[in-house]
Amino acid sequence: MIIDANFTHEECIAHFKCPTEILDSLVTLNVQYYDFEEQLHQGQIVVDKDIEEDVIQVFSLIKEIKFPVHSVIPIQVFSWDDDASMLANNSSAFNYRPIAGTNTLSLHSFGRAVDINPVQNPWYIRDEIHPPTGKYEPKAPGTLLKDGPIVQLFTSLGWEWGGDWISIKDYHHFQKPLQKK
Ligand SMILES: [Zn+2]
């Protein structure tokens, strides 16, 4: 098995700007997945403890059906730079940052958003594509489809898929808004 990430939880959440109460709500999960050459990998993903079970379920399915995933590496390895992580086709969750181009905190800030294979599932806004090497081709392996098993499982668990958005299409992005208690 190829080990993509083997950090301590403390290393994965060493974000000096993030409030302690958010850091305290996070957990680092070890996940396994096959890559595009059908080699088994182990990576890590940092999420809100509240949605831990959902993410475990999704990665169990990803492994079971051999949905190819390039890598799952906590984004501190990319110095919290989402563009660098996307360019590397990396899948990740927690990153204390605003939604690109805004001052509003992204649900990634709370570990409640997960990005998968950004190159196969890029983010389209106006005439821009992120990452610039990305291309959404529904028949290509590793592509997320509205009627596909990954999107179906996420949405059945109450998550939103960025591929369902109208004004921008964020095909790699899933999020579960904070529930009102
Ligand atoms: Zn995202």
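Relevant structure appears above.
Structural notes, computed from the coordinates. Given the structure is predicted, the values throughout are model-derived calculations rather than measurements.

Taken together, the protein donors to the zinc ion comprise His108 (NE2), Asp115 (OD) and His173 (ND1), at separations of 2.0 to 2.1 Å. Sequence spacing of the donor residues for the zinc ion, all on one chain, is H-x6-D-x57-H. Placement of the pair is Asp115 in strand S6 (residues 113-115) and His173 in strand S11 (residues 173-175), with a sequence separation of 58 residues. When its relative accessible area of 2% is taken as the criterion, Asp115 is described as buried. Overall, His173 belongs to the buried group, its relative accessible area being 5%.

Reading across from one edge, S1-S3-S2 is the order of the three strands in this open sheet, with mixed pairing throughout. What marks the edges here is a single partner per strand, and that holds for strand S1 (2-3) and strand S2 (26-34). Where S2 and strand S3 (residues 40-48) come together, nine bridges link them in antiparallel fashion. By the bridge assignment, Val31 is partnered in S3 with Gly43. The sheet strands contacting helix H3 (residues 52-64) are S2 and S3, and the helix crosses S2 at an angle near 10°.

Thresholds applied
- Residues numbered from 1 in each chain as written.
- Predicted model: local features only at pLDDT ≥ 70, side-chain atom pairs only at ≥ 80, totals over all residues.
- Heavy atoms only, no water.
- Donors = N, O, S within 2.8 Å, 3.2 Å for Na, K, Ca; no water.
- Helix = DSSP H or I, 4+ residues; strand = E, 2+ residues; numbered from the N terminus.
- Buried < 20%, exposed > 50% of the residue type's maximum accessible area, 1.4 Å probe, protein only.
- Pairing = 2+ DSSP bridges.
- Contact = heavy atoms within 4.5 Å.
- Axes fitted to C-alpha atoms, helices over the stretch in contact; angles between N-to-C directions.

Any functional reading would require information that these geometric values do not contain.
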